Amino acid sequence: MITTGQRVEGPDITVETTVLAYNVTGRVIDNVGGVIAGATVLLKGSTNTGTATDGNGRFTLNVPDGNHTLVISSIGFISREVAISNQTSSLEISLQADIKSLNEVVVVGYGTQKKSDVTGSLASIAVDDFKEQPVTRLDQILQGRVAGVQVTNASGSPGGDVRIRIRGANSINGDNSPLYVVDGFVGADFNNINPDDIASLEVLKDASATAIYGSRGANGVIIITTKTGKKGSMQVNFGTRFSSSQVLKKMDMLNAVDYAEVVNARAAVGNSNPVFTQAQIDGFRQNGGTDWQNEVLRKAGGQEYQLGISGGNDKTTYLISSNYLNQNGIVNNSDFKRYTIRSNIASQVSDKFSVRLNFLGTRRENHNTSGTGSRGGALGQAFAWSPTTPIRDAKGQYTYRDPVGSIFENPVALTTDADNRTNRTSVNLVGGLRYEFIPGLSLDVQYGVNYINQQDKTFSGPIISSMLPRAGRSSGEQITLQSTNALNYKRLFNKIHSLEITGVFETQKQTGESFYANATNLTYPAQSYNNLALAASNLIGSGYSRWSLMSYLGRVNYALKDRYLLSATVRRDGSSKFQGDNKFSVFPSVALGWRLTEENFMKSQRIFSNLKLRGSWGLTGNQAINPYGTLSTYITNVDDAGVAFTSGYFTNGITNGIILGNPGNPNLKWETTEQLNLGTDMEFLNGKISLSADYFVKNTRDLLLSQPLPAYIGGNSILRNVGEVQNKGWEIAVEATPVTGKNFSWNTSVNVALVNNKVVRLGSAKDTIFAATEFVLIPGQTMAAFWGLNYLGTWKPGEADQAARYGNKPGDAHYQDLNNDGVIGPKDYQIIGNGMPKTTLGWNNTFNYKGLSLNIFFQGVFGFDKLNYTYAAGIVGSTDVRQPTYAAIKDRYIPGVNETSDIPAFSNAKENYLTQTSRFLEKGDFVRLKNISLAYSIPKSLLKNIGTVRVFVSGTNLLTFTKYKGIDPESTSNSVGDVVQNIDHGSYPNAKTITAGLNVTF
């Protein structure tokens, strides 16, 4: 018993009070006797009386005299209340493991499943994982958070292109993007999803999980379920964000004085007159020159507003959500806007019958966000134009041509004299009903409509079109109809046999129409794309396509004693894209699971709180052809099929014609991916640490490849099923809560994935296909193999005799002579690198202290190369750039001055000007501080008539650790395909961004 005294004095009296208190000691253990360190022990009803257990699970707590209740809690355990009094001396408190994480329900194809019963490779992303970060699109949620999912922001422009791949790339010619399913609608556009509307997100990776989507599941499946209203009074949520973005870093370029001196030094080596006079150089020294990076790039602002209303009663719930996003790009005159509105309504009409209706309307407006990453784009030319050339001439007009440097257009004019817009309006409506005939047997009928209208407008003014202003417009409309009818039966027999059977009949049909018109040499350029008729020449065209898919599928899930698990699926797809016996194909899968911790021999162990082994096999497909890919084509465009008829000395213009294109192949069939997956799920310390690991092998056969035809049967090429590609690798994901206490907690998660991609066979005699100038397909090599010369540095003074054999001298570029024939030429080209990343890493940390929350998220990508053509053009100074612009040229090889440099000396040797070489192939590996966010919840005691208020500040891409010389190792000028990737020719870089905002709930 402890007595504490306190004196209270007044002017006439002194009172002494005594408060009695006592100590309670104890130990907290789990259900098998293991100590629980870091458990929280709180006095119920008190806000400041509490403690935490030490490393031996023990605690001591001083409490006021009397009867009280202690609340003991720890992550991974069910909280417990224990009564105490001043007669209590020592306690031993046992906590039971909280298995709710195992009973958590996850969304799988055409249904749900307990997480503990999942036998396939599936990853879930909780809303809490990204709620503290200023994400505006789905790819920002996925990036770095799921093992085996690689997300590449190929273009840093707002609303720009992104590449998402699950376990590598399967198809050479087809699309390798995953299938997106939103609220049951198959083939949704992830760009339309407002992240604030997401309730759950699952990534299906192995064939057991994806085979239920059959011909469209080969690239993995991402299932998104949006939020619904909850019973109760109306709740209003409002959020707003403001951001400021800037370029990750600036390149080190020559200033005007250095540029002029370098150009003159180069002219002197070639025995030419100086390009710049000394007076001009002195003028540059006094007045400076043009910093084209500063002129093309800018600090860009952004804003976002979110408003949501939800509520409901016992019968009906509703949610209405709206979002407005406005982002300016860091390249001048580029921006993106998005408007979304969602309405989700659900009603439980009776105990057996329910209906639902989900509506989503989206409009996206891209302005000058594409094309800037090309060789002749604004950013590429910012590194090519000479700093001695002014933006405008003496008359105030844009300088039309660089007299010394680049032969392309003025970089600033490329941003202001172009007006390229893509406006895309989408409406998605999904309605469904569910009827339960008897307990466990239900029918779900759903119908979906997706409508897209896209309007493209392009304009290039006279300054950037060689004084021949041009414009164009195109219009496209697409309607997709989907009908899904699912019958589900679920029952538990004899308390040990759990059986669930699902049968589905589904149809989908898509129709598309398009029209375009282009005009050159506009009569009135000021009217841009609004008056295409007034032009010297016009080109118009139109298109139409339609395809349909009919599917039957079934799935059986069985569990014995919640211990032995079996899942089997089969889907039969019929596609209008194929003919005859190839129109239908069957895609089966099977998976087994064993929950070892449910075995009696595992009950006494204290290491695992959950341990499951699983394995799966299955087939999935890919419709990697257009709707009429099996048919012969005809060419009708003027350039290829037009004929100019002459009469005497006069040409009567060009007459449209028609010629035979590529012949059809009625024997085409699906690309098929066979995948084997072995995995395990573990939990330690009653859920404080969890680990999932997978090993997979994916073999994709019957790849659709174009093969050349001999001239005697018409030439051209034909599409055939001949190739095979393999992806195999490891995935590991670990999550832990190392610290948990009364006021402070730390949660951390790490995921690592290694994917090895290789071409197995190509089906041609030569077994070599040049996919592009810089890329080659060869069996045994990665799908994105760089092709070029191997650079060995510069010839050094001691190698003069060897250099002379190639007509070179010390200081010239030295390349590997593969066949040792004394000539550097096509026969010396070889595989010099890999453009496809092999390893991805994500590390997410969340620290909570009272009302404060700190999130730190790192992302890494490794094992790939980038061909830095931007640097190559600016350091070589040839062809369209003409003169070096990078400051690194000052460190070139100079005879008698700098003879150790591997930057070639100024010389006429042709080898010095080659760019498709390993000289410009750099490691693209990087680690990036993707996000750091600090949020604070204002105490409710300070709020009146407001539920919650949370304010935050966040930084995105603040730090990047890489050896890559360019601005951004992630962005690329080839943003879509997988064979041709990671070439940087002035690509639009990602930005580092500071965001601040608040969220209010009423």
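All values derive from a computational prediction rather than experimental measurement.

Parameters at a glance
- Residues numbered from 1 in each chain as written.
- Predicted model: local features only at pLDDT ≥ 70, side-chain atom pairs only at ≥ 80, totals over all residues.
- Heavy atoms only, no water.
- Helix = DSSP H or I, 4+ residues; strand = E, 2+ residues; numbered from the N terminus.
- Areas by Shrake-Rupley, 256 points an atom, 1.4 Å probe, with all protein chains shown as cover.
- Lys, Arg positive; Asp, Glu negative; His and termini not counted.
- Charge placed at Lys NZ, Arg CZ, Asp CG, Glu CD.
- Domains from an automatic or database assignment.
- Pairing = 2+ DSSP bridges.
- UniProt positions renumbered as here; feature names shortened; annotations may be inferred.
- Salt bridge = Lys/Arg side-chain N within 4 Å of Asp/Glu carboxyl O.
- Buried < 20%, exposed > 50% of the residue type's maximum accessible area, 1.4 Å probe, protein only.
- Contact = heavy atoms within 4.5 Å.
- Axes fitted to C-alpha atoms, helices over the stretch in contact; angles between N-to-C directions.
- Parallel < 35°, antiparallel > 145°, perpendicular 65-115°, else oblique.
- Expected span 1.5 Å × (residues − 1).
- Phe/Tyr/Trp six-rings, centres within 6.5 Å; stacked < 30°, edge-to-face > 60°.
- Lys NZ or Arg CZ within 6 Å of the ring centre and 35° of its normal.
- pLDDT = per-residue confidence, 0-100.
- Patch = residues over 30% accessible without salt bridge, like charges linked within 9 Å, V, L, I, M, F, W, Y side chains within 5 Å.
- Core = buried A, V, L, I, M, F, W, Y, C linked by side-chain atoms within 4.5 Å.

### Observations concerning the overall build of the protein
Helices and strands together make up the secondary structure of the protein, namely 11 helices and 52 strands. Each of the three principal axes of the protein carries a C-alpha extent, and together these read 115 × 85 × 60 Å. Looking at the protein as shown, the accessible area adds up to about 44,900 Å², and 55% of this sits on carbon and sulfur atoms. Distance between charge centroids for the protein: 4 Å, based on 92 positive and 82 negative side chains.

### Things to note about the environment of valine 82
Inspection of the secondary structure assignment puts valine 82 in strand β7 (residues 80-84). Sequence spacing of valine 82 and valine 760 is 678 residues, and the spatial spacing of their C-alpha atoms is 65 Å.

### Concerning the domain arrangement of the protein
Many analyses report the size of an interface as the accessible area lost when the parts associate. Along its sequence, the protein is carved into domain 1 (21-94) and domain 2 (105-228). A C-alpha centroid distance of 43 Å is found between domain 1 and domain 2.

### A look at the pairing of strand β9 (residues 105-108)
Of the strand pairs in this sheet, β9 and strand β10 (residues 111-114) are connected by four bridges, and their pairing is antiparallel. Note on β10: the bridge partner recorded for valine 107 is threonine 112. Counted along the chain from β9 to the antiparallel partner β10, the turn is two residues long, and its residue tyrosine 110 has a positive phi close to 60 degrees.

### Describing the UniProt feature "domain: TonB-dependent receptor plug" (unreviewed entry) in the protein
As annotated by UniProt and renumbered to match this structure, "domain: TonB-dependent receptor plug" (unreviewed entry) occupies residues 115-221. In residues 115-221, the share of helix is 8% and the share of strand is 24%. The end C-alpha atoms are 17 Å apart.

### Description of the pattern of salt bridges
With the rule as written, the count across this model stands at 37 salt bridges. The residue glutamate 599 makes a salt bridge to arginine 563 at a minimum N-O spacing of 3.4 Å. Residue glutamate 599 is located in the loop between β29 (584-595) and β30 (608-622), and its partner arginine 563 is located in the loop between β27 (535-560) and β28 (564-575); the two are separated by 36 residues in the primary sequence. Arginine 563 carries the same exposure label as glutamate 599, and that label is buried.

### Quick notes on the sheet that holds strand β14 (residues 179-182)
The strand order across the open sheet built from five strands is β11-β16-β17-β14-β15, with neighbouring strands paired in mixed fashion. In this open sheet, the two edge strands, each paired with only one partner strand, are β11 (122-125) and β15 (185-186). Where strand β16 (residues 198-204) and strand β17 (residues 221-226) come together, six bridges link them in antiparallel fashion. Residue pairing for β17: isoleucine 198 is matched across the bridge by threonine 226.

### Regarding the environment of alanine 199
Among the secondary structure elements, alanine 199 is positioned in strand β16. Overall, the relative accessible area of 38% leaves alanine 199 in the partly exposed class. Taking the C-alpha atoms as reference, alanine 199 lies 4.8 Å from threonine 226; in sequence the two are 27 residues apart. Contacts of alanine 199, omitting those with residues within four sequence positions, involve Val127, Thr225, Thr226 and Lys227.

### Focus on the packing of helix α4 (residues 256-269) against helix α5 (residues 278-287)
Relative to each other, α4 and α5 sit at 160 degrees, their axes nearing to 8 Å. In terms of orientation, α4 lies roughly antiparallel with respect to α5. Two secondary-structure elements touch here, α4 through Ala256, Val257, Ala260, Glu261 and Asn264 and α5 through Ile281, Phe284 and Arg285.

### Overview of α4
With 14 residues, α4 ought to run about 20 Å at 1.5 Å a step, and its terminal C-alpha atoms sit 20 Å apart, in line with that. Summarising burial for α4: 10 of the 14 residues are buried, a large majority. Those residues of α4 not exposed but buried are Ala256, Val257, Asp258, Tyr259, Ala260, Val262, Val263, Asn264, Arg266 and Ala267. Next to the buried residues of α4 lie α5 and α11 (869-876). With its phi angle positive at about 60 degrees, asparagine 271 sits one or two positions after the end of α4.

### As for the sheet that holds strand β47 (residues 865-868)
With respect to topology, three strands assemble into an open sheet ordered β48-β47-β51, the strand pairing being mixed. Looking at strand neighbours, the two that pair on one side only are β48 (921-923) and β51 (983-984), the edges of this open sheet. The pairing of β47 with β48 spans three bridges and is classified as antiparallel. Bridged to lysine 866 within β48 is glutamate 922.

### Details of the packing of aromatic side chains
Scanning all chains against the criterion turns up 24 aromatic pairs. Aromatic pair tyrosine 259 and phenylalanine 276: ring centres 6.4 Å apart, planes at 70 degrees, arrangement edge-to-face. With tyrosine 259 in helix α4 and phenylalanine 276 in the loop between α4 and α5, this pair connects stretches of sequence that are 17 residues apart. Summarising the burial analysis for this pair, tyrosine 259 and phenylalanine 276 share the class buried. Look at phenylalanine 608 and phenylalanine 684: their rings are 5.2 Å apart centre to centre, the planes differ by 40 degrees, and that puts the pair in the tilted class. Placement of the pair is phenylalanine 608 in strand β30 and phenylalanine 684 in strand β35 (residues 671-684), with a sequence separation of 76 residues. Following the ring pairs from residue to residue traces out a cluster consisting of Phe242, Tyr305, Tyr324 and Tyr339. Above the ring of tyrosine 964, the side-chain terminus of lysine 866 is found at 5.4 Å from the ring centroid.

### Here we look at the confidence of the model for the protein
For the protein, the mean per-residue pLDDT works out to 90, and 94% of the residues sit at or above 70. Here residues 1-19 is modelled with pLDDT under 50, and outside its nearest four sequence neighbours on either side it reaches 23 contacts, counting other chains as well.

### Some thoughts on a nonpolar patch on the surface
Taken together, the side chains of Val739, Phe744, Tyr849, Leu852, Leu934, Tyr936, Val951, Val953, Leu958, Leu959, Phe961 and Ile994 define a hydrophobic patch exposed on the protein surface, amounting to about 960 Å² of accessible area. Secondary structure elements with two or more residues in the nonpolar patch: β49 (926-937) and β50 (948-962). In terms of residue count, β50 provides more of the nonpolar patch than any other element does, five residues in total. Looking at where valine 951 falls in the secondary structure, it is placed in strand β50. Judged by its relative accessible area of 31%, valine 951 is partly exposed.

### Observations regarding the pairing of strand β6 (residues 68-73)
In this sheet, β6 lies alongside strand β3 (residues 40-43) in antiparallel orientation, the contact comprising four bridges. The residue bridging valine 41 from the neighbouring strand is isoleucine 72, located in β6. Across five bridges, the pairing between β6 and β7 is antiparallel. Following the sheet pairing, leucine 70 is matched in β7 by valine 82.

### Quick word on unusual backbone geometry
For aspartate 183, which is not glycine, the phi torsion reads 50 degrees and is therefore positive. Here aspartate 183 is to be found in the loop between β14 and β15. Positive phi is not limited to glycine here, since aspartate 562 has a value of about 55 degrees. With respect to the element layout, aspartate 562 can be found in the loop between β27 and β28.

### Remarks on the nonpolar core
Nonpolar side chains tend to gather and get buried jointly when the protein is soluble and globular. Core analysis: the biggest nonpolar cluster contains 67 residues, and Ile172, Phe276, Met783 and Ile875 have the highest contact counts within it. Per-element tally for this core: the top contributor is α4, with six residues. The contact partners of isoleucine 172, leaving out residues within four places of it in the chain, are Leu703, Leu705, Val725, Leu762, Leu777, Met783 and Val979. Among the nonpolar cores identified, the runner-up in size contains 26 residues, and Val135, Ile166, Tyr180 and Ile193 belong to it.

### A closer look at the environment of lysine 850
In this fold, lysine 850 is placed in the loop between β45 (839-849) and β46 (852-862). Note on lysine 850: relative accessible area 58%, which makes it exposed. Sequence separation between lysine 850 and tyrosine 936 is 86 residues, and the spatial gap between their C-alpha atoms is 8.9 Å.

### Observations regarding the side chain of glutamate 724
Its location among the elements puts glutamate 724 in strand β37 (residues 717-740). Leave out the neighbours within four places in its chain, and glutamate 724 touches Asn699, Thr700, Arg701, Leu703, Val759, Val760 and Arg761.

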